[in-house]
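Listed below are the residues making up each chain.
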There are 2 protein chains.
Amino acid sequence: MIPVKGYAAQTPTSDLASWDFQRREVGPHDVQFDILFCGVCHSDLHQIKNEWFEGIFPMVPGHEIVGKVMKVGDHVKKFKVGDLAGTGCLVDSCRTCENCKNDLEQYCLKGNSQTYNGLEQDKKTPTYGGYSRTIVVHEDFVLHISEKLNLAAVAPLLCAGITTYSPLRHWKVGKGHKLAVLGLGGLGHMGVKFGVAFGAEVTVLSTSPSKEKDAKKLGAHHFVVTSDPAQVKAAMGTFDYILDTVSAEHDFNMYLSLLRTNGVHICVGVPSKPAEIAAFSLLGGRKSVAGSGIGGLAETQEMLDFCAEHNIVSDIELIDIKDITASYARMVKGDVRYRFVIDIATLH
Amino acid sequence: MIPVKGYAAQTPTSDLASWDFQRREVGPHDVQFDILFCGVCHSDLHQIKNEWFEGIFPMVPGHEIVGKVMKVGDHVKKFKVGDLAGTGCLVDSCRTCENCKNDLEQYCLKGNSQTYNGLEQDKKTPTYGGYSRTIVVHEDFVLHISEKLNLAAVAPLLCAGITTYSPLRHWKVGKGHKLAVLGLGGLGHMGVKFGVAFGAEVTVLSTSPSKEKDAKKLGAHHFVVTSDPAQVKAAMGTFDYILDTVSAEHDFNMYLSLLRTNGVHICVGVPSKPAEIAAFSLLGGRKSVAGSGIGGLAETQEMLDFCAEHNIVSDIELIDIKDITASYARMVKGDVRYRFVIDIATLH
């Protein structure tokens with residue numbers, strides 16, 4: 001076994017703190033890479049606090065992981081020592097179900113292995129995430145990272161990036177479409193960048209007028225303050241798609257009224273309470289509320305390659321891991337432009 | 001003006017009773033047809049009881065209307081005296097908005113004119129429905145009815161028929177798809193007939209085991225009793241589409257679990273309380289909840305022609321209009337196979 005230094009929550013009520021644990025030896029198809037940066041996702045906090053479901057403790061969060069390959073197994077073909085590498089929300093899946101065969105490992109029908117707070121495919125061994133110095137992952141679940149981009153700013157692409165890229169691609173959002181991005185946080189700011197890159201006319205919907213300048217800087221064409229009834233009224237029936245990145249409670253019926261006929265409200269955030277949706281909000285214009293979760297491995301690589309080609313990364317604030325609890329508090333308040341990334345060199 | 005005998009609710013708390021009112025004279029583009037049969041839709045009851053919104057009283061319900069043309073305006077080209085004719089939920093629309101131009105008058109952006117409990121395009125004159133002896137409608141909102149079919153059983157096609165036909169066509173449900181029809185009432189039984197006619201493998205979902213025989217008689221291939229956990233478990237992740245015709249409260253998250261990846265739950269019923277939908281029910285398989293309302297005029301004619309070609313009508317119970325209140329009570333209990341139709345000859 002490989003001894004690893006990490007940061008873990010020992011229980012749902014304890015703060016993250018240093019924890020020594022072990023990872024498996026590098027198997028024939030495994031890649032071991034030393035973690036250089038790990039993004040901080042809102043779901044890290046949801047999970048260490050058991051806000052979604054009963055977690056597996058101790059829990060080492062982190063699924064926006066980039067680093068440098070240190071060792072590869074005898075049969076590994078896709079990576080060599082010294083390559084940049086990344087891992088997102090998944091470290092394995094059944095590989096045999098219909099969805100896995102169709103590059104939709106995120107929807108593995110037998111249950112995939114989440115990067116942390118999950119179990120390996122033996123359904124026994126817990127997984128530990130990227131708030132740690134090194135990780136061992138089957139090569140099929142390791143992504144290639146371009147040398148061209150700022151590596152720390154690439155980390156959030158592994159979750160915030162693919163979570164917004166995948167639905168925009170699935171629903172073929174692009175030229176001729178009006179896309180609204182709801183919420184301007186870690187996911188939302190990537191939704192704006194991808195929407196603009198795909199040729200859509202992008203509007204940011206936000207309760208905070210103060211975010212308009214930032215939204216425009218990110219490339220958004222328009223900004224609607226959703227707490228202003230006049231602005232909401234003017235936007236009614238105008239959007240083809242809403243990309244909803246908000247994980248706080250919000251009024252779906254109001255947002256559905258902003259969609260055009262046949263419009264789709266795509267949820268990628270996970271509010272802890274169910275959405276309340278009136279039948280007439282959907283029937284009055286053949287509208288849909290859809291959900292989309294991260295992306296498959298092939299699509300994640302496609303997204304990373306697209307980002308390298310178009311020079312797209314996240315806007316980040318690099319932090320020392322000892323500041324993680326304070327950073328969570330700022331994240332909850334929306335006080336981050338737009339993603340915290342841990343400099344893993346600060347983890348001793 | 002043309003004097004007309006009808007049945008109306010004078011207030012939201014009064015039962016339907018005989019009422020004499022007037023319709024406009026036949027204009028140059030109008031068709032007047034004497035009503036022979038009018039279907040009884042659950043929405044008739046919702047509306048006379050103000051369960052959806054504040055109605056316009058006196059209210060003459062009925063939007064599943066068939067009869068025989070008695071008079072046509074000078075410029076009418078599509079109909080002549082003696083033709084069979086029908087009118088569904090709409091008697092007019094703005095005709096100029098993007099949706100009207102795209103044969104989606106049901107989603108008219110300026111507000112269409114509902115056949116009853118609505119206003120003409122002058123936004124002043126109330127509309128009165130098919131629980132009456134004769135009706136005057138602009139020819140563009142009158143449908144041709146085949147002589148080949150049982151006319152009384154055609155009436156429900158004008159609402160129950162198009163409401164189920166339209167979404168199945170829009171989502172291209174057919175060969176190779178597993179379609180679940182939720183609820184086996186006026187809409188549901190038409191959903192089964194169309195699903196089967198389009199080549200889908202059709203399952204009826206119902207809380208009543210007693211409906212299995214009927215479901216199979218209508219052509220359904222399978223039947224799942226949703227109050228039986230074992231049957232529900234076996235059906236999980238199996239349907240491409242659910243056509244949800246239920247207007248009572250129900251557990252959307254349970255039904256969403258029955259959908260395959262990319263599955264769509266299509267609502268055509270209108271529960272009075274909002275649906276509660278957990279984010280994970282949608283995200284875990286890129287699922288959607290969509291709504292669809294009736295259909296446009298061109299599609300309604302297409303549906304009627306399809307029915308004539310494939311010998312499809314509703315299963316009905318013909319009633320005397322004096323039994324309407326008792327029939328509503330039976331409808332609320334689901335005690336009708338599957339649509340009441342009023343024999344307008346009983347309205348004196």
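Owing to the predicted nature of the structure, the values given are computational and were not obtained by experimental measurement.

### A look at the overall build of chain A
When you go through chain A residue by residue, the secondary structure sums to 11 helices and 18 strands. Relative to the compact-globule value of 20 Å for 348 residues, chain A shows a C-alpha radius of gyration of 20 Å, a close match. Across its three principal directions, the C-alpha atoms of chain A cover 60 × 40 × 35 Å. Burial status across chain A gives 61% buried among its 348 residues. A separation threshold of at least 6 residues defines the contact pool for chain A, and within that pool the share at least 24 residues apart is 67%. Per element, the accessible surface of chain A, about 13600 Å² overall, is 53% carbon and sulfur.

### Some points on the domain arrangement of chain A
All names here are of chain A. One can read the domain layout of chain A as domain 1 (2-159 + 295-346) and domain 2 (161-291). A C-alpha centroid distance of 27 Å is found between domain 1 and domain 2. At the junction of the two partners, domain 1 supplies 21 residues and domain 2 supplies 21 residues. Counting the surface lost from both domain 1 and domain 2, the interface buries some 1900 Å², and carbon and sulfur atoms represent 57% of this.

### Quick word on the interface of chain A and chain B
Each partner contributes to the interface: chain A provides 36 residues, whereas chain B provides 36 residues. Between chain A and chain B the total buried area reaches about 2800 Å² when both faces are included, carbon and sulfur atoms providing 61% of it. The largest contributions to the chain A side of the interface with chain B come from A:Y107, A:L283 and A:R286, which together make up 24% of the buried area. For the pair chain A and chain B, the number of links is 2 salt bridges. Across the pair A:E98 and B:R260 runs a salt bridge whose closest N-O atoms are separated by 2.6 Å. Connecting chain A to chain B are 9 residue pairs in polar contact (both at pLDDT 80 or more). Listing elements by their share of the side of chain A that touches chain B, those giving two or more residues are α2 (98-101), α4 (160-170), β14 (259-267), β15 (275-277), α9 (279-283) and β16 (288-291) of chain A. Residue classes in the side of chain A that touches chain B are distributed as 19 nonpolar, 12 polar and 5 charged.

### A short note on the packing of helix α4 (residues 160-170) of chain B against helix α10 (residues 297-310) of chain B
Residues and elements named next belong to chain B. At a closest axis distance of 10 Å, the pairing of α4 and α10 adopts a crossing angle of 100°. By the angle class used here, α4 and α10 are roughly perpendicular. On α10, the residues touching G161, I162, Y165, S166 and R169 of α4 are E299, T300, E302, M303 and F306. Looking at the contact of α4 with α10 residue by residue, the class counts come to 4 nonpolar, 3 polar and 3 charged.

### Some words on the relation of the copies chain A and chain B
Screw-axis analysis of chain A against chain B gives a translation of 0.0 Å along the axis, an RMSD of 0.0 Å, and a rotation angle of 180°. Here the two chains are linked by the operation of a two-fold rotation axis. Mapped onto chain B, 100% of the interface residues of chain A again fall at the interface, so both copies present the same surface.

### Considerations on helix α11 (residues 324-332) of chain B
Residues and elements named next belong to chain B. For α11, every residue scored as buried is listed here: I324, S327, Y328 and M331. Down the axis of α11, the smallest arc covering the buried residues is 105°, so these residues share one side. Those residues of α11 that are buried are in contact with β1 (2-8), α1 (42-48), β17 (316-319) and β18 (339-343). Following α11 by one or two positions, G334 has its phi on the positive side, about 75°.

### Describing the side chain of A:R286
By the secondary structure assignment, A:R286 is in the loop between α9 and β16. Among buried Asp, Glu, Lys and Arg side chains, A:R286 stands out as unpaired, with B:E299 the closest opposite charge at 5.2 Å. Dropping the residues within four chain positions of it, A:R286 is found in contact with A:N262, A:G263, B:L104, B:Y107, B:S166, B:H170, B:W171, B:G291 and B:S292.

### A look at the pairing of strand β13 (residues 239-244) of chain B
Residue and element names in this part refer to chain B. Among the 6 residues that make up β13, 6 are buried, leaving the element largely enclosed by the rest of the structure. Of the strand pairs in this sheet, strand β10 (residues 178-182) and β13 are connected by 4 bridges, and their pairing is parallel. Residue A180 lies in a different strand from β13, and its bridge partner there is I242.

### A word on the sheet that holds strand β11 (residues 201-206) of chain B
Strand order across the open sheet formed by 12 strands is β12(A)-β11(A)-β10(A)-β13(A)-β14(A)-β16(A)-β16(B)-β14(B)-β13(B)-β10(B)-β11(B)-β12(B), with mixed pairing between neighbours. With one partner strand each, in any of the chains shown, β12 (222-225) of chain A together with β12 (222-225) of chain B form the two edges of the open sheet. This sheet shows a mean twist of 20° between the axes of neighbouring strands, independent of strand direction. Pairing of β10(B) with β11(B) involves 5 bridges; the strand directions are parallel. What sits directly across from B:L182, in β11(B), is B:L205.

### So, the packing of aromatic side chains
All names here are of chain B. With the rule as written, the count across this model stands at 20 aromatic pairs over all chains. Between Y165 and F194 the ring centres are 5.3 Å apart and the planes differ by 75°, which places this aromatic pair in the edge-to-face class. Of the two residues, Y165 is situated in helix α4 and F194 in helix α5 (residues 186-197); the sequence distance between them amounts to 29 residues. Taken individually, Y165 and F194 each receive the classification buried, so the pair is uniform in this respect. When the ring of F194 is compared with that of F198, the centres are 6.0 Å apart and the planes differ by 20°; the resulting orientation is stacked.

Reading the values: the criteria
Residues numbered from 1 in each chain as written. Chains lettered and ligands numbered in written order. Predicted model: local features only at pLDDT ≥ 70, side-chain atom pairs only at ≥ 80, totals over all residues. Heavy atoms only, no water. Helix = DSSP H or I, 4+ residues; strand = E, 2+ residues; numbered from the N terminus. Rg over C-alpha atoms; globule rule 2.2 N^0.38 Å. Buried < 20%, exposed > 50% of the residue type's maximum accessible area, 1.4 Å probe, protein only. Contact = heavy atoms within 4.5 Å. Areas by Shrake-Rupley, 256 points an atom, 1.4 Å probe, with all protein chains shown as cover. Domains from an automatic or database assignment. Buried area = accessible area lost by both parts, 1.4 Å probe. Salt bridge = Lys/Arg side-chain N within 4 Å of Asp/Glu carboxyl O. Polar contact = N/O pair within 3.5 Å; in protein donor to acceptor, adjacent residues only side chain to side chain. Nonpolar A, V, L, I, M, F, W, Y, C, P; charged D, E, K, R; others polar. Axes fitted to C-alpha atoms, helices over the stretch in contact; angles between N-to-C directions. Parallel < 35°, antiparallel > 145°, perpendicular 65-115°, else oblique. Least-squares fit on C-alpha atoms with pLDDT ≥ 70 in both. Arc of directions from axis to C-beta. Lys, Arg positive; Asp, Glu negative; His and termini not counted. Pairing = 2+ DSSP bridges. Phe/Tyr/Trp six-rings, centres within 6.5 Å; stacked < 30°, edge-to-face > 60°.

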